[in-house]
Amino acid sequence: MELKWGERVEDITILVIEDDKEISGLIKKHLENEGYHVLQSYDGLEAVNMALEKDLQLILLDIMLPKMDGLEVCRQIRLTKHVPIIMVSAKSQDIDKVIGLSTGADDYLCKPFSMMELCARVRSQLRRYLYFNENHTQNNTIMINDLFIDLDSHVVSIGDHIIKLTPTEFDILILLAKNRGRVFSSEMIFEKVWKDKYYESNNNVMVHIRNMREKLEDNSRHPKYIKTIWGVGYKIEK
């Protein structure tokens, strides 16, 4: 089932991976009040199996889990699944956020958080993910030197090597690739990709660009594809 933004919200299934059953139940209640269908998992191994078996549109993932921690769960899911993952953790340092996003998460939410903020983050990720599915149904491809992008299948490759990008990384790449030569600030990228208002001290874009360069570039310090225009933003050359 490929959902499109604007279809019934109850057709959207969210997997909540949280070992604290009280917190998990509270999150489930609020998401169900929003109209979503919610599944729950309480340990890492079970979560991976559920994520691979179920038709999901979003995953909420705690880092501290029994049997397999959330970072490894994220890595395992990202081998085959491209749905948005919001990582949740009591660890609030920038380095913790960088590590979380580097494993493939699309967003990182620090505990404690309000249910209002959680629901807002969920809506933001779903808008981006479902909007992309709705508006990229034609068989379109982009070639930039030896970088190949298939918009329909979400395949990115350099030569014969397949590059595994997260959904958010893919959307950033498409934004820059479709607007080659145009410089996008971090704020512009965030608002166009996340489809939400940029908030102060948000370093999500910087972290994702760094991760993308590690995957796309032979030398991330001297990038061939995604260029930094200091003090302005990022672009892909024409």
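Residues numbered from 1 in each chain as written. Predicted model: local features only at pLDDT ≥ 70, side-chain atom pairs only at ≥ 80, totals over all residues. Heavy atoms only, no water.

A.B. asks: Honestly, the overall build of the chain in this entry has me stumped. Any pointers?
C.D. replies: Helix and strand counts for the chain stand at 8 helices and 11 strands. Here the chain holds 238 residues, and the buried ones make up 51% of them. Carbon and sulfur atoms provide 49% of the accessible area of the chain, an area that totals close to 11700 Å². Both charge centroids of the chain, one from 32 positive and one from 37 negative side chains, sit 4 Å from each other. (Helix = DSSP H or I, 4+ residues; strand = E, 2+ residues; numbered from the N terminus. Buried < 20%, exposed > 50% of the residue type's maximum accessible area, 1.4 Å probe, protein only. Areas by Shrake-Rupley, 256 points an atom, 1.4 Å probe, with all protein chains shown as cover. Lys, Arg positive; Asp, Glu negative; His and termini not counted. Charge placed at Lys NZ, Arg CZ, Asp CG, Glu CD.)

A.B. asks: Looking at this structure, how should I read the UniProt feature "domain: Response regulatory" (unreviewed entry) in the chain?
C.D. replies: Per the UniProt record, the feature "domain: Response regulatory" (unreviewed entry) sits at residues 13–126. A helix fraction of 46% and a strand fraction of 21% characterise residues 13–126, whose end C-alpha atoms lie 11 Å from each other. (UniProt positions renumbered as here; feature names shortened; annotations may be inferred.)

A.B. asks: I tried to follow the packing of helix 4 (residues 94–102) against helix 8 (residues 204–216) on my own but got confused; where do I start?
C.D. replies: Helices that pack against each other are described as a pair by the angle of their axes relative to one another and the distance between those axes. Where helix 4 meets helix 8, the axes come as close as 10 Å, and the angle between the chain directions of the two elements is 50 degrees. Of the possible angle classes, the one that applies to helix 4 and helix 8 is oblique. You can see that helix 4 and helix 8 cross each other, and the crossing is right-handed. Residues Lys97, Val98, Leu101 and Ser102 of helix 4 form the contact with helix 8, whose own contacting residues are Asn204, Val207, His208, Arg210 and Asn211. (Axes fitted to C-alpha atoms, helices over the stretch in contact; angles between N-to-C directions. Parallel < 35°, antiparallel > 145°, perpendicular 65-115°, else oblique. Left-handed = near helix turned anticlockwise from the far one by under 90°. Contact = heavy atoms within 4.5 Å.)

A.B. asks: In this structure, what is going on with the environment of Glu18? I would like to understand it.
C.D. replies: Take Glu18: it is sitting in the loop between strand 1 (13–17) and helix 1 (21–33). Separated by 20 residues in sequence, Glu18 and Val38 have C-alpha atoms that sit 12 Å apart. Those residues in contact with Glu18 that sit more than four places away from it in its chain are Ile23, Ser24, Ser41, Tyr42, Asp62, Leu65 and Lys111. Among the polar contacts listed, one links the side chain of Glu18 to the backbone nitrogen of Asp20, at a separation of 2.9 Å. (Polar contact = N/O pair within 3.5 Å; in protein donor to acceptor, adjacent residues only side chain to side chain.)

A.B. asks: What is the right way to look at the pairing of strand 7 (residues 147–150) in this model?
C.D. replies: Within a regular strand, side chains alternate between the sheet's two faces. Of the pairings in the sheet, the one linking strand 6 (residues 141–144) to strand 7 comprises 4 bridges and is antiparallel in character. Considered in strand 7, the bridge of Met143 is made with Phe148. Where strand 6 folds back on strand 7, the antiparallel hairpin that results is connected by 2 residues, among which Asn145 adopts a positive phi of roughly 55 degrees. Where strand 7 meets strand 8 (residues 155–158), 4 bridges bridge the pair, whose relative direction is antiparallel. From the neighbouring strand, Asp150 faces strand 8, where its bridge partner is Val155. A loop of 4 residues connects strand 7 with strand 8, the two strands running antiparallel in sequence, and His154 in this loop sits at a positive phi of about 65 degrees. (Pairing = 2+ DSSP bridges.)

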